[in-house]
Amino acid sequence: MIAAIFCGLKKPESVEEYLNPLVNELNLLHDNGITIKGSHITIKLEAIVADTPARAFIKGVKGHTGYASCLKCTAKGVYNKKSKTMTFPGINAPLRTHKGFEEDDYPGHRTSSTPLLNLVQLDIILHIIVGDPAIVVLKDHLPENVYEHFILLFCGVTLLSSQAYEEKWALAGQLLDKFVTDFPIVYDEQYMSINIHNLQHVYEEVKRFRSFSAISTYPFEAKLHFLKRLLRSGWKSLEQVIKRISELEEFDMPKDSNISYPSIIVKGKKTSVHVRKSFVLQNNVKKLLVSYDRQQHNEVSLSILRTGRRRKNVSQKQ
């Protein structure tokens, strides 16, 4: 469900302006809950999922190219002159804590204040996810040492991807630690980016949130891609998205199993044409909305006149 959309000509510059409305509303919902259709619902923030630049922005900390940029531990980055990149060799650096972050105990890590520290029951270290699963399927032949190293990553991520392997999660954490430790030996230290470094923190996050899918950014990125595809131009983009979302919300698939096919149901200004199961037409007065299950193979030809006219015809051809 989409709760809010930020829209601008560029990414937000002020984290205070960007997050304060969200923090205030979440605190209100946390204290009072919300009532929907007579049911009182308690609201609790489970986690914050964002990509690498966004995580640094909302926390007010160094970006991923900074020396003290790891969000989970105090590992010190090493600038590699050969690749001109920041690298993070080694594992098991002391972990950061919410209290230490709040009291600014980590020199060079924080760059600005963040409204997230005002969010009730938020642990700014534990509740902001850095683990994001990404497996590339390798089909070509690899040198033996590279293949064996890749298997550490593949097996570790596979075990952490399902609760069915929960008893093997600790082993998965060890495999990922081994992958990070051996990475500079196999590929060279210049490629030890923050993304590789973060793999050592994945096990603890999966153990806390119970699955890889729960901490993945992919569903949110896919939703953002869907919203962008709703735009017809760059003019009044926020208004366009809101209108398209409203139109989609107006279109409800029938839940009545007693509906006969084909049939027409008129409720107020809304006319629904039930051609067959999973194939329904509805009008919202101005537009005609269509739902079609492509797995069905029957050919359907139909016509519907606008609400307010008497005759509505539907023809179905098997």
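It should be emphasised that the depicted structure is a prediction, and the values quoted were computed from it without experimental measurement. (Residues numbered from 1 in each chain as written. Predicted model: local features only at pLDDT ≥ 70, side-chain atom pairs only at ≥ 80, totals over all residues. Heavy atoms only, no water.)

Assigned secondary structure in the protein consists of nine helices and ten strands. Put simply, the protein has 318 residues, and 34% of those count as buried. Partitioning the contacts of the protein with sequence separation of at least 6, the portion at a separation of at least 24 is 53%. As displayed, the protein offers around 20700 Å² of accessible surface, 54% of which is attributable to carbon and sulfur atoms. (Helix = DSSP H or I, 4+ residues; strand = E, 2+ residues; numbered from the N terminus. Buried < 20%, exposed > 50% of the residue type's maximum accessible area, 1.4 Å probe, protein only. Contact = heavy atoms within 4.5 Å. Areas by Shrake-Rupley, 256 points an atom, 1.4 Å probe, with all protein chains shown as cover.)

With that settled, the discussion passes to the nonpolar core. Grouped together as the largest cluster of nonpolar side chains are 22 residues, with contacts concentrated most on Leu160, Phe179, Val202, Val206 and Phe212. Of all elements in the fold, only helix 4 (144–160), helix 5 (169–187) and helix 7 (202–209) reach the threshold of two or more residues within this core. Among the elements that take part in this core, helix 5 stands out by supplying seven residues, more than any other. The residues contacting Val202, other than those within four sequence positions of it, are Gly131, Leu160, Leu176 and Phe212. Ranked by size, the runner-up nonpolar core spans 17 residues in total, among them Ile48, Phe101, Leu119 and Ile128. (Core = buried A, V, L, I, M, F, W, Y, C linked by side-chain atoms within 4.5 Å.)

A few words on the packing of aromatic side chains. Applying the stated criterion across every chain, the model contains five aromatic pairs. Ring geometry for Phe183 and Tyr187: centres 4.8 Å apart, planes at 40°, overall tilted. Taken together, the residues span about one helical turn, with Phe183 and Tyr187 both in helix 5 at a distance of four residues. Overall, Phe183 belongs to the buried group, its relative accessible area being 8%. Accessibility expressed as a relative area gives 32% for Tyr187, which makes it partly exposed. Ring-pair connections join several aromatic residues into one group, and the members of that group are Phe6, Tyr18 and Phe57. Across the ring face of Tyr106, the terminal group of Arg96 is positioned such that the distance to the ring centre comes to 5.0 Å. (Phe/Tyr/Trp six-rings, centres within 6.5 Å; stacked < 30°, edge-to-face > 60°. Lys NZ or Arg CZ within 6 Å of the ring centre and 35° of its normal.)

The next point concerns helix 4. Working note: α-helix, 3.6 residues per turn, so residues spaced by three or four point in the same direction. Between its first and last C-alpha atoms helix 4 spans 25 Å; for 17 residues at 1.5 Å apiece the expected length is 24 Å, and the two agree. Listing the buried residues of helix 4 in full gives Val146, His149, Phe150, Leu152, Leu153, Gly156, Val157, Leu159 and Leu160. Looking at the buried residues of helix 4, the elements they touch are helix 5 and helix 7. (Expected span 1.5 Å × (residues − 1).)

Moving on, we come to the confidence of the model for the protein. Mean pLDDT for the protein: 81, with 83% of residues reaching 70 or above. The secondary-structure element of the protein with the lowest mean pLDDT is strand 9 (residues 299–302), recorded at 35, while helix 3 (residues 98–102) shows the highest, at 95. Note that residues 285–318 has pLDDT below 50 and, in this model, 70 contacts with residues that lie over four places away or in other chains. (pLDDT = per-residue confidence, 0-100.)

Attention shifts here to helix 7. Listed in full, the buried residues belonging to helix 7 are Val202, Tyr203, Glu205, Val206 and Phe209. For helix 7, the buried positions fall inside an angular range of 165° around the axis, keeping them on one side. The elements touched by buried residues of helix 7 are helix 4, helix 5 and helix 6 (194–198). (Arc of directions from axis to C-beta.)

What follows is about the pattern of salt bridges. Inspection of every chain in the model, using the stated rule, returns five salt bridges. The partner of Glu13 in a salt bridge is Lys10, and the shortest N-O contact between them spans 2.5 Å. Just as Glu13 is exposed, Lys10 falls in that class too. The closest approach of N and O atoms between Asp182 and Lys178, which form a salt bridge, is 3.2 Å. In this pair, Asp182 and Lys178 are both assigned in helix 5, four residues apart and thus about one turn of the helix distant. Taking relative accessible area as the criterion, Lys178 reaches 43% and is therefore assigned partly exposed. (Salt bridge = Lys/Arg side-chain N within 4 Å of Asp/Glu carboxyl O.)

Attention now goes to a negative patch on the surface. Together, Glu102, Glu103, Asp104 and Asp105 make up a region of like negative charge exposed at the surface. The residue Asp104 is located in the loop between helix 3 and helix 4 in this model. (Patch = residues over 30% accessible without salt bridge, like charges linked within 9 Å, V, L, I, M, F, W, Y side chains within 5 Å. Lys, Arg positive; Asp, Glu negative; His and termini not counted. Charge placed at Lys NZ, Arg CZ, Asp CG, Glu CD.)

Attention shifts here to the pairing of strand 7 (residues 279–283). For strand 7, a buried count of five out of five residues is recorded, marking the element as mostly surrounded by other parts of the structure. Of the two faces of strand 7, the one carrying Phe279, Leu281 and Asn283 and the one carrying Val280 and Gln282 are both buried. Across four bridges, strand 6 (residues 270–276) lies against strand 7 in antiparallel orientation. Across the sheet, the residue bridging to His274 is Val280, located in strand 7. The hairpin formed by strand 6 and strand 7 contains two residues between the paired strands, and Ser278 there has a positive phi angle of roughly 70°. (Pairing = 2+ DSSP bridges.)

Here we come to unusual backbone geometry. At the junction of Tyr261 and Pro262, the peptide bond is cis and its omega measures out at -10° in the coordinates. When you line up the elements, Pro262 lands in the loop between helix 9 (237–250) and strand 5 (263–267). For Asp104, which is not a glycine, the phi torsion comes out positive at approximately 60°. Of note, the phi angle at Gln121 is positive, near 65°, even though the residue is not glycine. Position of Gln121 relative to the elements: it lies in the loop between helix 3 and helix 4. Judged by relative accessible area, which is 57%, Gln121 ranks as exposed.

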